[in-house]
Amino acid sequence: MVATSIVQTVSSFSSLAVPLLGPPLMARAGLASESIGLVSAVTSAGICWCLACGGPMLSHHGPVRTLQIGLACMALGLFILSQPLGLIGLLGALAIGFGTGHNTPAGSQILVRTAPPRHRALIFSVKQAGVPLGGALAGLLVAPLVLALGLSGALWVVIGIALLTTLSVQPFRRRLDGDRSAGRQNWGRALLSLAALARSVAVLRAHPSLPLLTAFGASFSVLQSCLTAFTATYVITRHGASLAEAGLVVAVMQVASMVGRVVLGWLADRVGHALRHLALQAVASTAAVGLLISVGSHGSWTLYGCAALVGVTAIGWNGVHMAELARVAPLPLVSDVTSAAGLFGFIGSICGPLVFTLIVSSTGSYDLAFIVMAVQLATFALASVIVLRRGKARGG
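So, on to the overall build of the chain. For the chain, the helix and strand inventory stands at 19 helices and zero strands. When each of the 396 residues of the chain is scored for burial, the buried share is 56%. When contacts within the chain are restricted to residue pairs at least 6 apart in sequence, those whose partners lie at least 24 apart make up 83%. Carbon and sulfur atoms make up 69% of the accessible area of the chain, which totals about 15800 Å².

A few words now on the packing of aromatic side chains. A full pass over the atoms with the stated rule returns ten aromatic pairs. A centroid spacing of 5.9 Å and a plane angle of 25° characterise the contact between Phe 216 and Phe 220, whose relative ring orientation is stacked. Of the two residues, Phe 216 and Phe 220 are both situated in helix H13 (residues 210-239); the distance of four residues between them amounts to about one turn of the helix. For Phe 216, a relative accessible area of 0% translates into the label buried. Between Trp 301 and Tyr 304 the ring centres are 5.9 Å apart and the planes differ by 80°, which places this aromatic pair in the edge-to-face class.

This part is about a nonpolar patch on the surface. Taken together, the side chains of Leu 133, Leu 137, Leu 140, Leu 141 and Leu 248 make up a nonpolar region of the molecular surface, amounting to roughly 380 Å² of accessible area. The greatest single-element share of the nonpolar patch, amounting to four residues, is contributed by helix H9 (residues 130-168). Within the secondary structure, Leu 137 is located in helix H9.

Further remarks concern helix H17 (residues 318-328). Burial within H17 is extensive, with ten of its eleven residues counted as buried. Among all positions of H17, only Asn 318, Gly 319, Val 320, His 321, Met 322, Ala 323, Glu 324, Leu 325, Ala 326 and Val 328 are buried.

Any two side chains of opposite charge can pair, so long as their charged atoms come close to each other. What the rule picks out here adds up to one salt bridge. Salt-bridge contacts for Asp 367 lead to Arg 238; the nearest nitrogen and oxygen are separated by 2.5 Å. Linking Asp 367 in helix H19 (residues 366-395) with Arg 238 in helix H13, this pair joins segments that are 129 residues apart in sequence. Look at Asp 367 and you get partly exposed, because its relative accessible area is 23%.

The subject of this paragraph is the side chain of Ser 384. Tracing the sequence through the fold places Ser 384 in helix H19. Residue Ser 384 is classed as buried on the basis of its relative accessible area, which comes to 2%. A polar contact of 2.7 Å, which involves the side chain of Ser 384, links it to the backbone oxygen of Ala 381. When near neighbours in sequence (up to four residues on either side) are disregarded, Ser 384 contacts Leu 212, Phe 216 and Ala 279.

Formed by 84 residues in total, the largest nonpolar core has its most connected members in Val 18, Phe 216, Leu 223, Phe 230, Val 310, Phe 356 and Phe 370. Here the element with the most residues in this core is H13; it accounts for 14 residues. In this view, Val 310 contacts Leu 227, Met 253, Ala 288, Val 289, Leu 292 and Ile 315; residues no more than four positions away in its chain are not counted. Membership of the second largest hydrophobic core comes to eight residues, among which are Leu 58, Val 64, Leu 71 and Ala 106.

Moving on, we come to helix H14 (residues 243-271). The end-to-end C-alpha distance of H14, which contains 29 residues, comes to 41 Å, matching closely the 42 Å that a straight helix rising 1.5 Å per residue would cover. Count one or two residues on from H14 and you reach His 273, which has phi positive near 55°.

Glancing now at the side chain of Ser 11. Its place among the elements puts Ser 11 in helix H1 (residues 2-20). Classification of Ser 11 as buried rests on a relative accessible area of 1%. Not counting chain neighbours up to four residues away, the residues in contact with Ser 11 comprise Leu 71, Met 74 and Asn 103.

A few words now on the packing of H14 against helix H16 (residues 300-314). Contact geometry for H14 and H16: axes closest at 7 Å, N-to-C directions at 40°. Of the two possible hands of crossing, H14 and H16 adopt the one that is right-handed. When H14 is examined against H16, the residues Leu 248, Val 249, Val 252, Met 253, Ala 256, Ser 257, Gly 260 and Leu 264 are found in contact with a partner set consisting of Leu 303, Tyr 304, Ala 307, Ala 308, Val 310, Gly 311 and Val 312. Looking at the contact of H14 with H16, its residues break down into twelve nonpolar, three polar and no charged.

Moving on: the packing of helix H5 (residues 63-81) against helix H6 (residues 90-100). Between H5 and H6, whose axes approach to 7 Å, the crossing angle comes to 165°. By the angle class used here, H5 and H6 are roughly antiparallel. Note that H5 runs across H6; the crossing there is left-handed. Counted together, Gly 70, Cys 73, Met 74, Gly 77, Leu 78, Ile 80 and Leu 81 of H5 and Gly 92, Ala 93, Ala 95, Ile 96, Phe 98, Gly 99 and Thr 100 of H6 form the full contact between these two elements. Of the residues belonging to the contact of H5 with H6, the class tally is nine nonpolar, five polar and no charged.

Note that Val 375 resides in helix H19. Among the residues examined, Val 375 registers a relative accessible area of 42% and is labelled partly exposed. Each C-alpha atom, one on Val 375 and one on Leu 223, is 9.3 Å from the other, the two residues being 152 residues apart in sequence.

Here is what the cut-offs are and how they apply
Residues numbered from 1 in each chain as written. Predicted model: local features only at pLDDT ≥ 70, side-chain atom pairs only at ≥ 80, totals over all residues. Heavy atoms only, no water. Helix = DSSP H or I, 4+ residues; strand = E, 2+ residues; numbered from the N terminus. Buried < 20%, exposed > 50% of the residue type's maximum accessible area, 1.4 Å probe, protein only. Contact = heavy atoms within 4.5 Å. Areas by Shrake-Rupley, 256 points an atom, 1.4 Å probe, with all protein chains shown as cover. Phe/Tyr/Trp six-rings, centres within 6.5 Å; stacked < 30°, edge-to-face > 60°. Patch = residues over 30% accessible without salt bridge, like charges linked within 9 Å, V, L, I, M, F, W, Y side chains within 5 Å. Salt bridge = Lys/Arg side-chain N within 4 Å of Asp/Glu carboxyl O. Polar contact = N/O pair within 3.5 Å; in protein donor to acceptor, adjacent residues only side chain to side chain. Core = buried A, V, L, I, M, F, W, Y, C linked by side-chain atoms within 4.5 Å. Expected span 1.5 Å × (residues − 1). Axes fitted to C-alpha atoms, helices over the stretch in contact; angles between N-to-C directions. Left-handed = near helix turned anticlockwise from the far one by under 90°. Nonpolar A, V, L, I, M, F, W, Y, C, P; charged D, E, K, R; others polar. Parallel < 35°, antiparallel > 145°, perpendicular 65-115°, else oblique.

None of this, on its own, says anything about what the molecule does.
Written as C-alpha cells, this is what we have:
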C-alpha cells in the first residue's frame with residue numbers, strides 16, 4: 001500500500017497542477033480561460049487509451065514497473081505543456097493521461113492480493129486518498145512556485161518530483177513484480193489494437209452488478225472531472241480570487257475529499273450495500289454543488305465550507321466504488337475489470353469538461369454548467385435505485 005499510495009499522491013499532484021495553472025497556461029496558448037476544459041478532456045482521453053489497451057503492458061512489466069513508466073510519461077507530458085506550443089501542447093495532456101491511467105489497475109492488482117476482505121473498502125479508500133492528498137498539495141504549493149519561479153519553473157519542479165518518485169519505488173519492484181507474464185512481448189502492439197479494446201470492455205460481463213457499477217462510476221466522473229478542471233478558474237473569474245486563493249479553495253476541497261474517502265470507506269465496510277451507499281452519496285453530491293453555487297459567494301469561509309462539502313461528497317466516492325468492483329470481480333480479472341470500469345469513467349471525464357465548456361461558451365454561466373453536471377448525477381442515482389428495487393422484486 002505504501003508504494004501505491006506514494007505513486008497515487010505524486011500522480012495526482014502532477015496532473016492536478018495543470019488545471020490550477022489554467023488561466024496562465026491558456027493565456028500563454030492564446031486561448032480563452034475556459035479552454036482548460038480541452039486540456040482536461042484530452043488528459044482523460046489519454047487515461048481511456050491506457051485503460052483500454054494497457055492490460056498487456058501491465059501483465060508484461062508487473063504493477064510497479066508499469067507505475068514507473070506511467071510517472072515517466074507524466075513527466076514527458078508536463079515538459080511538453082511547459083513549452084509555448086499552443087494546441088500542440090495537447091499532446092502533453094495526452095501523455096499525462098496515459099501515465100495517470102496506470103494507477104487504478106496496477107494499484108488494484110497489488111492491493112487485492114493483500115487486503116483483508118472485511119477491510120477492503122477502507123484499504124482501497126486509503127489508497128485512493130492519495131488522489132485528493134496530491135490535489136491538496138498542488139493547491140497549496142503550485143501558486144507559490146509560480147510566484148517564485150514563474151510558470152515554466154513551477155512545471156519543472158513538478159517534473160522533477162515525478163522523476164524522483166519513479167526512482168523511489170524501485171525497491172518495491174522485486175517483491176511485487178515477481179508474477180509478471182514475461183512472455184507477453186506484444187504489449188506495445190496492443191496499445192494500438194482494437195481487439196484489445198474489445199476484450200477490455202467484454203470483461204464487464206463477468207458479474208451482473210458490473211454494468212450498473214460501471215455506469216455509476218461514469219456518472220460520478222462527469223461531475224468530478226468538471227469540479228477538478230474548473231473550480232480554480234470558477235473562483236478566479238466569478239469571485240475575483242487570486243491564483244493563490246483559488247489554490248487554497250482547491251486544497252480545502254481535496255483535503256475534505258481525502259478525509260471523506262477514508263470515512264466513507266470505513267462506513268461502507270460496516271453498513272454494506274455499496275450501490276445503495278453510492279446512490280445516497282450521489283444525491284448528497286448534487287446538493288453540495290447546489291450550495292457551492294448558491295451561497296459560496298457569501299464570504300470566504302462560506303466558500304471554503306461549501307468546497308469542503310463538495311470534496312467529501314462529489315469527490316469522495318472512488319474508494320467505495322473500486323472496492324465494490326474488486327469484490328464482485330473474479331480474482332484473476334480484478335485488474336481487467338477495474339481497467340474496463342475506469343475506461344468508461346474517464347469517457348465521462350472527457351465528455352463532462354467538453355459539455356461544461358460548451359455551456360459556458362454559449363451562456364457565459366459557470367453556475368448553469370455546474371447545475372447540469374450535478375443534476376445528471378442525481379438523475380442517474382434515482383434511476384439506479386429504481387433498477388435495484390425492481391431487481392430485488394424479481395429475485396424475491
